[in-house]
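So the chains spell out like this:
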Amino acid sequence: LFLNPNFFKDAHDSVYIFSTTLHQDQTGRKLIEEFPATSYDSFDEGKLQRILDYQQQADDDERESIALVFDDLPHNLKRNSLFFTIASKQRHYGANVFYSVQNFKMVPPVVRNNATNLILGTLNSSQLDQIATEYGDGLGGEDNFKKYHRLTVPERFNFMYVKLDEFPNQIYKAFEDKLLYQDDM
């Protein structure tokens, strides 16, 4: 997403990536090439705090727009970790926070409740049930949510994009094809 001009490439002044799997695949290596000084292969709260302290020092009108990318979160992060609590404070730092997880319930409620956008790929039925339970109300219920997921993600590498900060939620297949919400779908 951060290397593609159709998505978030050049959308932020700085991109900070925290990923335990950064060195394990081609995508991670490309991110390191693009953001060598701001790619970290561990979840070090001290580094994150220094980034936030630096952001807070700047005047609001001069503060950089930053992306904080948290990929493949380690299972041992505590629920009160700065990597999670930042979700409710991000706007004070000029930050957009992106969580990339394999298990939806891995992120605590503070993150899920402050989410403004979802990008969902193929999911097993258990994961889809959990996400539909959490966010289905914005789309007329869990069954509607699941139907829209099936429409937008008919095969691998497709994705559903949901704007949660609008009601009713706005749904897209990828980022381009907007689907009209229909309660009786």
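Residues numbered from 1 in each chain as written. Predicted model: local features only at pLDDT ≥ 70, side-chain atom pairs only at ≥ 80, totals over all residues. Heavy atoms only, no water.

(A) Representation of unusual backbone geometry within the structure. Note the cis peptide between F167 and P168, where omega equals 0°. Checked against the element boundaries, P168 lands in the loop between β6 (160-163) and β7 (170-173). Phi at D10 takes a positive value of approximately 65°, unusual for a residue other than glycine. You can see D10 is positioned in the segment before β1 (14-19). (Helix = DSSP H or I, 4+ residues; strand = E, 2+ residues; numbered from the N terminus.)

(B) Just the sheet that holds β7, in detail. In space, the four strands of this open sheet follow the order β5-β6-β7-β8, with antiparallel pairing throughout. Two strands bound the open sheet, and with one partner strand each, they are β5 (117-120) and β8 (177-179). Across the sheet, the mean angle separating the axes of adjacent strands is 25° when strand polarity is ignored. In this structure, β7 lies alongside β8, joined through three bridges in antiparallel fashion. Among the inter-strand pairings, K173 is bridged to a residue of β8, identified as D177. Contacting β5, β6, β7 and β8, helix α6 (residues 142-152) runs over the sheet at an angle of about 25° to β7. (Pairing = 2+ DSSP bridges. Axes fitted to C-alpha atoms, helices over the stretch in contact; angles between N-to-C directions. Contact = heavy atoms within 4.5 Å.)

(C) Main features of the pattern of salt bridges. All chains considered together, the criterion is met by six salt bridges. A salt bridge links D60 to R63; its shortest N-O distance comes to 3.0 Å. Among the residues examined, D60 registers a relative accessible area of 64% and is labelled exposed. Residue classification places R63 among the buried residues on the basis of a relative accessible area of 18%. With its nearest N and O atoms 3.1 Å apart, the salt bridge here joins K163 to E166. Take K163: its relative accessible area is 22%, and that puts it in the partly exposed class. Here the salt bridges share partners, and the residues they tie into one network are K105, R112 and E134. (Salt bridge = Lys/Arg side-chain N within 4 Å of Asp/Glu carboxyl O. Buried < 20%, exposed > 50% of the residue type's maximum accessible area, 1.4 Å probe, protein only.)

(D) Helix α2 (residues 45-57), seen in detail. Taking 1.5 Å per residue, 13 residues should reach 18 Å; α2 reaches 18 Å between its end C-alpha atoms and fits that length. Within α2, the full set of buried residues consists of L48, I51, L52 and Q55. Buried residues of α2, viewed axially, fall in a sector of 95°; they line one side. Away from its buried face, by an angle of more than 90 degrees, α2 presents the exposed residues R50, Y54 and Q57. (Expected span 1.5 Å × (residues − 1). Arc of directions from axis to C-beta.)

(E) Structural view of the packing of aromatic side chains. Summed over the entire model, instances satisfying the criterion amount to 14 aromatic pairs. Ring geometry for F84 and Y99: centres 6.4 Å apart, planes at 25°, overall stacked. Taken together, the residues F84 in helix α3 (residues 82-85) and Y99 in strand β4 (residues 95-100) connect sequence positions 15 residues apart. On the basis of relative accessible area, F84 is assigned to the buried category, the value being 1%. Here the aromatic cluster, defined as three or more aromatic residues joined through ring pairs, consists of F18, Y40, F43, F70, F83, F84 and Y99. Against the face of F104 rests R112, its NZ or CZ located 5.4 Å from the ring centre. (Phe/Tyr/Trp six-rings, centres within 6.5 Å; stacked < 30°, edge-to-face > 60°. Lys NZ or Arg CZ within 6 Å of the ring centre and 35° of its normal.)

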